[in-house]
Amino acid sequence: MNKIDLSVDLNGLKLKNPITVASGTFGFGREFIDYIDLNSLGGIMVKGLTLEERKGNPMPRVAETPMGMLNSVGLQNPGVKYFIKEEMPFLKQYDTKIIGNINGNTIEEYCEIADILSKTSIDSLELNISCPNVKEGGVSFGRDPDMVYKVTKAVREHTDKHLIVKLSPNVTDIKEIAMAAEKAGADCISLINTLIGMAIDINKEVTVLARGMGGLSGPAIKPVALRMVYEVFNVVSIPIIGMGGIMNYEDAIEFFLAGAHAISIGTGNLINPRIAIEVLEGIGQHLAEKGYRSIEGIKGKVKVPSK
Amino acid sequence: MGRSIGREVYTLEKNYLCEILENQRIAHNVHRIKIKKPSKDFKIQAGQFINIKCGEGDFPLLRRPISIGLTDEESMIVYVSKIGKGTKLLCDKSKGEFIDILGPLGNTFNVDIEEGKVLIVGGGIGVAPLLELTRVLSQKDDVEMKLILGYRDEPFIVEEFKNYVDNVIVVSEKEGFDHKGYVIAPFEKELRENSYDEVFSCGPEPMLKKIKEISEENNTTVQLLLEERMACGIGACLVCTCKTKRGEDDWNYVRICKEGPVFYGKEVIFDE
Ligand SMILES: Cc1cc2nc3c(=O)[nH]c(=O)nc-3n(C[C@H](O)[C@H](O)[C@H](O)COP(=O)(O)OP(=O)(O)OC[C@H]3O[C@@H](n4cnc5c(N)ncnc54)[C@H](O)[C@@H]3O)c2cc1C
Ligand SMILES: Cc1cc2nc3c(=O)[nH]c(=O)nc-3n(C[C@H](O)[C@H](O)[C@H](O)COP(=O)(O)O)c2cc1C
Ligand code: FES
């Protein structure tokens, strides 16, 4: 049997395997050491970071929905400086790539966080552009290609680090958003973030989440995520990290076939803390059975029967 | 069980498949489920919980947190109130079936008390974690205990409590028990008439809020076991927090599944 090379090069960010864990579902890694060897992961996207500490939203912050969950954590995090001082040293003990998920209310804030993280040994920055833009009246950065271009370009000018732009699925045309990010200098694209949703308690006649709406994740969003990865793969030439509802290796293979170069697991970690390892093993076996030698080989290989 | 490959190859420290030894309906919509401990050295303490996969495959998607009700060498008992999809599936499991659990999770009641008087107050299914607590405290010769257990209607596991302590006040909104109404009135009376060194409580949030207030008015330390909707149960997702004090006039959201579920009353801030 030919040896399979599971390593991937995401345009400058080299992962030992294509499995990463998604921001907000893996804390800062510590919580998983009872369950999984962090050295076995390709990369860890840490909980979304902001310039200052954020306390987050009131309870309830979670609602289970058919094959998915809604969350409204509200980016609770201790702030980027605390992260660097208290969490980075722990994560850096492991042989895996650490990816900082950054969130701002304004372009200036994104740049400032990028500046701060650029002075550390962090391996990559993932720009979460799903946050509302305070200056422009709370509209999400990620919805407008011009804004995506501006914020990506500005951060690009502030950092030499590998730069991932994480796309929100709450848009009409994901392709133009992805192209804007590529044009502005992103090294890589990750998608998808959560879909905005709602759940209602019919007895109390109130929304289940204290904030009304929240982000839908899990198996329910996988078809949407796959479609978006496929669409983006066809219009950009930078690599894609695909995510959304990956619960087993079969799901991961679908993402590779649609065009992802690496994948990220989110909600799955919350149910099975060992899922990343299981998916990794499954991918290896599947590639072997199919006679592929690398992820590069299977990437984007899906055929549409009558097109 | 439709498990993915590789699972057996690794020894997981806190993820186990456990056999159900008994499952009995003990009251309207309440089950007592006895589970075999995954190993002899599996240690789980009063206040801690396990996060259970209640169904097969992806339904329901998330695990359900359930407190440990009573333990012995080989087994652990949980008391489950059937309120929705997950708890219904769990209560429908039969002897000999296996359940996938994560645990032990969370912190424990602080039982570092060698002597004194302790008042334990439970409401509804919140009495469950207090049973293991009562068992543990009953082993301490110089700790004197009194219990107030409150129910909406039919009481349950009162006899189990009586195995460890004689002094039990049963409260129900229904006629025919020691006290009719809610636990708060007998609790307040008890604290005022006798002095206690420590109060332990678990139950619905409005009840815990009152218990905290009354304990503080009487200068009595209180430990509260809080509940919140959870997803991971291991501290990763931050959906299960509660407000706690930080410094003099600041506060923070901390994870009930990790820093809790047991908090001292003086740490917790309940919203209006
Ligand atoms: C630390 C901890 C320990 C617990 N210990 C026990 C125990 O020992 N025994 C026991 O029976 N239960 C216990 N619970 C509660 C138990 O986890 C929930 O009842 C269970 O998750 C409900 O799942 P379900 O699928 O049956 O209900 P669902 O179908 O998810 O929901 C049914 C209804 O209940 C509401 N609901 C669900 N969960 C909660 C919640 N946490 N708070 C308020 N409303 C809710 C839903 O909104 C819905 O209206 C504990 C919870 C925590 C956090
Ligand atoms: C509880 C929770 C918190 C999340 N927090 C963040 C975050 O801080 N930053 C971010 O970019 N995405 C966040 N996400 C989105 C995930 O990283 C991921 O994009 C999404 O959940 C889709 O993948 P999944 O279906 O595998 O969960 C969060 C998701 C969940 C469920
Ligand atoms: S349930 Fe995920 S942090 Fe508590």
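Read on for a plain summary of the structure.

## Structural notes on the nonpolar core
- Judged by nonpolar contacts, the single largest core of 144 residues is most densely connected at Leu191(A), Ile263(A) and Ile283(A).
- Setting aside chain neighbours within four positions, we find Leu191(A) in contact with Leu167(A), Ile174(A), Met228(A), Val229(A), Val232(A), Ile240(A), Ile241(A), Gly242(A) and Met243(A).
- Judged by nonpolar contacts, the second largest core, of 32 residues, contains Ala128(B), Leu149(B), Cys202(B) and Val262(B).

## Here we look at the site of ligand 2
- In the region of ligand 2, 23 residues are neighbours, and Ser23(A), Lys166(A), Gly218(A), Gly245(A) and Thr267(A) sit closest.
- Residues lining ligand 2 come from chains A and B.
- Within the side chain of Lys47(A), one N or O atom sits 3.1 Å away from an oxygen atom of ligand 2.
- With respect to ligand 2, the side chain of Asn101(A) contributes an N or O atom lying 2.9 Å from an oxygen atom.
- When ligand 2 sits alone it has 610 Å² of accessible area, and the protein chains cover 97% of it.

## A look at the site of ligand 1
Residues and elements named next belong to chain B.
- Near ligand 1 lie 18 residues; those nearest to it are Arg-64, Pro-65, Ser-81, Gly-86 and Thr-87.
- In the environment of ligand 1, a nitrogen atom lies 3.0 Å from a nitrogen or oxygen atom belonging to the backbone of Ser-67.
- Contact distances for ligand 1 include 3.1 Å between an oxygen atom and a backbone N or O atom of Gly-84.
- Here ligand 1, which alone exposes 910 Å², has 78% of that area covered by the protein.

## Describing helix α5 (residues 222–233) of chain A
Residues and elements named next belong to chain A.
- Spanning 12 residues, α5 covers 16 Å between terminal C-alpha atoms, matching the ideal 16 Å at 1.5 Å per step.
- Residues of α5 that are buried: Lys-222, Ala-225, Leu-226, Met-228, Val-229 and Val-232. Angular distribution of buried residues about the axis of α5 spans 165°; they occupy a single face of the element.
- Where the residues of α5 are buried, they touch α4 (174–183), β12 (188–191), β17 (240–243) and α6 (249–258).

## A few points about the packing of aromatic side chains
All names here are of chain A.
- Under the definition given, this model contains eight aromatic pairs over all chains.
- Aromatic side chains Tyr-110 and Phe-141 sit 5.2 Å apart centroid to centroid with 85° between the ring planes, which places their arrangement in the edge-to-face category. Within this pair, whereas Tyr-110 is found in helix α2 (residues 107–118), its partner Phe-141 is found in the loop between β10 (139–140) and α3 (145–158), the two being separated by 31 residues in sequence. Here the two residues Tyr-110 and Phe-141 agree in accessibility, since each one is buried.

## Here we look at the pattern of salt bridges
- For the structure on display, the rule yields 34 salt bridges over all chains.
- Among the ionic pairs, Lys34(B) bridges to Glu22(B), the shortest N-O distance being 3.9 Å. Remark: Glu22(B) occurs in strand β1 (residues 15–27) and Lys34(B) occurs in strand β2 (residues 30–36); sequence separation between them is 12 residues.
- Its relative accessible area of 33% is what places Glu22(B) among the partly exposed residues.
- Between Asp271(B) and Lys243(B) there is a salt bridge, and its shortest N-O distance comes to 2.9 Å. Taken together, the residues Asp271(B) in the segment after β16 (262–264) and Lys243(B) in strand β14 (residues 241–246) connect sequence positions 28 residues apart.
- You can call Asp271(B) partly exposed: its relative accessible area is 42%.
- In this structure Lys243(B) comes out as buried when scored by relative accessible area, which is 17%.
- Ionic contacts of the salt-bridge type, sharing partners, join the residues Glu53(A), Lys55(A), Arg246(B) and Asp250(B) into one network.

Criteria and cut-off values
- Residue indices follow the written sequence of each chain, beginning from 1 at its first position.
- Chain A is the first chain written and ligand 1 is the first ligand written, with later ones labelled in order.
- Predicted model: local features are reported for residues with pLDDT of at least 70 only, side-chain atom pairs are reported and counted for 80 or more only, and whole-chain, interface and lining totals are derived from all residues.
- As a rule here, side-chain values cover all heavy atoms of the structure and leave hydrogens and water aside.
- Within this scheme, the nonpolar core is defined by two criteria: the residues are buried Ala, Val, Leu, Ile, Met, Phe, Trp, Tyr or Cys, and they are joined through side-chain atoms within 4.5 Å.
- Note on exposure labels: buried denotes an accessible area under 20% of the residue type's maximum, exposed denotes more than 50%, and partly exposed covers the range between, all computed with a 1.4 Å probe on protein chains only.
- We call two residues in contact when some of their heavy atoms are within 4.5 Å.
- By convention in these notes, a residue is near a molecule or strand provided one of its non-hydrogen atoms lies within 4 Å of it.
- Polar contacts, as counted here, are pairs of nitrogen or oxygen atoms within 3.5 Å of one another; within protein the pair requires one atom able to donate a hydrogen and one able to accept it, and residues that are adjacent in sequence qualify only if both atoms are side-chain atoms.
- In this description, accessible areas are obtained by the Shrake-Rupley approach with a 1.4 Å probe, and a residue is regarded as covered only by the protein chains that are shown.
- Helix and strand definitions follow DSSP, with helices as H or I runs of at least four residues and strands as E runs of at least two, each counted in order from the N terminus.
- Expected helix span is given by 1.5 Å per residue-to-residue step, counting one fewer step than there are residues.
- Working definition: the arc comes from the directions between the helix axis and the C-beta atoms, pointing outward to the latter.
- In summary, the pairing rule links any two rings of Phe, Tyr or Trp, Trp by its six-membered ring, whose centres are within 6.5 Å, and it sorts them by plane angle into stacked for under 30 degrees, edge-to-face for over 60 and tilted for everything else.
- Whenever a carboxyl oxygen of Asp or Glu lies within 4 Å of a side-chain nitrogen of Lys or Arg, that contact is scored as a salt bridge.

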